[in-house]
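Chain residues, written in single-letter form:
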Amino acid sequence: MRLEVRAERTYTVKVHCDWLTELAPYLRDRSRVAVVASQSICTQVRALLPKNLGVSLLEIPDGEEGKSLLTLEALWNSFAKAGLTRNDLIVAIGGGATTDVVGFAASTWLRGLDWIAVPTTLAGMVDASVGGKTGMNSSAGKNLIGAFHSPIEVLADLSWLQTLSDRDFSAGLAEVIKCGFISDPDILTLVTSNSLADLRGSDDVTTQLIARSVKVKSDVVSADFKESFAREILNYGHTLGHAIELHSGFTLRHGEAVAIGMVYVAELSASRGLISKELVGQHRRILQSYGLPTTYKKSAWPQLLASMALDKKARGSAIRFVALTGIGSTTRLEDLNEDELLGAYERISV
């Protein structure tokens, strides 16, 4: 299945493809290719890559640990050692954290090299590798350093999903469920009528969910590549979610933190009379059915509030939230006072 994304360039997301077959023409046509793989799969990737082509294989740490200045500097040095020029190619193979930081490295080396994303996690396939947002973390927060630099292709091979734990698969589903709430109710129907075991045992249903989620993101990105306004809807649940990720020291998966963030902003929306309590309850039921958390520590609120003030969607002193007015209908909340913010948090805290 092929879906087109129109951003600063038009590129294709290939869902349920054979990543190595699709990558082969690029390996033959480019003089130099740097393949960057996350540590846990690097040995596997090395065994699969052809030996007779000018391919350099680079390894970076797994997960959020890899989204650091140390990793970025190591990549730049490796690109220099490999002799990469503006006609060459970078390939990122790994989860969303890997495609984020490698895409950012590609955007900064020689002011921008072509790159291809080969996402190996569900979250990477439906979110991080699509849309052209690249980035890295700092002590101040998640993804505050980054650039818009789209890949020339995304190769989503579902065989990688077999390597995921149930926890990681469910964490990726949080981004899928998000797309259901903000745009596509058919996604909610699919996740409600199937269990985690059902999805893990059915490439057909998983392909439908990935394709529908990519379509949601593609439509939004094509209309608003640089997040002027419309693209912000993709950050539903992310304002508090990113703060929770940072507070947890990234012990929580991105999708787990976003799941909590979605319930929080649903509570904010309900407190303003924008949605019903039943819709808030639907958030909890769907997310909990896939083992995703919907509460967080009560004591963390002061640190979370401070982190949210640095969120990329903040404007001046106002913390900005993407909120629902119904399934598939969104608005922005930016005039909330601290009592409202705390009141909603108390309803999701333990």
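The structure this text deals with has already been given above.
Calculation criteria
Residues numbered from 1 in each chain as written. Predicted model: local features only at pLDDT ≥ 70, side-chain atom pairs only at ≥ 80, totals over all residues. Heavy atoms only, no water. Helix = DSSP H or I, 4+ residues; strand = E, 2+ residues; numbered from the N terminus. Rg over C-alpha atoms; globule rule 2.2 N^0.38 Å. Buried < 20%, exposed > 50% of the residue type's maximum accessible area, 1.4 Å probe, protein only. Contact = heavy atoms within 4.5 Å. Areas by Shrake-Rupley, 256 points an atom, 1.4 Å probe, with all protein chains shown as cover. Axes fitted to C-alpha atoms, helices over the stretch in contact; angles between N-to-C directions. Parallel < 35°, antiparallel > 145°, perpendicular 65-115°, else oblique. Left-handed = near helix turned anticlockwise from the far one by under 90°. Salt bridge = Lys/Arg side-chain N within 4 Å of Asp/Glu carboxyl O.

S.K.: Describe the overall build of the protein chain, with residues and values.
M.R.: Broken down by element type, the protein chain carries 14 helices and eleven strands. The C-alpha atoms of the protein chain give 20 Å as radius of gyration, which agrees with the globular expectation for 350 residues (20 Å, within 12%). Taken over the C-alpha atoms alone, the protein chain extends approximately 60 × 40 × 35 Å along its principal axes. Within the span of the protein chain, comprising 350 residues, buried residues form 57% of the whole. A sequence separation of at least 24 residues applies to 72% of the contacts in the protein chain between residues at least 6 apart. In the form shown here, the protein chain has an accessible surface area of approximately 13,800 Å², with 50% of it arising from carbon and sulfur atoms.

S.K.: I'd like a rundown of the environment of Leu-69, residues and numbers included.
M.R.: Along the polypeptide, Leu-69 turns up in helix α3 (residues 69-82). With 222 residues separating them in the primary sequence, Leu-69 and Gly-291 have C-alpha atoms 33 Å apart.

S.K.: Before we move on, can you summarise the packing of helix α11 (residues 254-271) against helix α14 (residues 338-346) with the specific residues and values?
M.R.: Close contact between α11 and α14 brings their axes to 9 Å; oriented N to C, the two are set at 125 degrees. Our classification of the angle between α11 and α14 gives oblique. At the point where α11 passes α14, the crossing takes the right-handed sense. On α14, the residues that touch Tyr-264, Glu-267 and Leu-268 of α11 are Glu-340, Leu-341, Ala-344 and Tyr-345.

S.K.: I'd like a rundown of the pattern of salt bridges, residues and numbers included.
M.R.: Summed over the entire model, instances satisfying the criterion amount to 26 salt bridges. Notably, a salt bridge pairs Arg-32 with Asp-88, separated by 3.5 Å at the nearest N-O pair. Taken as a pair, Arg-32 in the loop between α1 (19-29) and β3 (33-38) and Asp-88 in the loop between α3 and β5 (89-94) lie far apart in primary sequence, 56 residues in all. The partly exposed category is assigned to Arg-32, whose relative accessible area is 34%. In this structure, Glu-232 engages Arg-332 in a salt bridge whose closest nitrogen and oxygen atoms are separated by 3.0 Å.

S.K.: Mind laying out the environment of Ile-182, listing which residues take part and the relevant values?
M.R.: Mapped onto the secondary structure, Ile-182 falls in helix α6 (residues 166-182). For the pair formed by Ile-182 and Ile-327, sequence separation is 145 residues and the distance between their alpha carbons is 6.1 Å. Apart from residues lying up to four places away in sequence, Ile-182 is in contact with Val-216, Ile-233, Leu-234, Tyr-236, Leu-324, Gly-328, Ser-329 and Thr-330.

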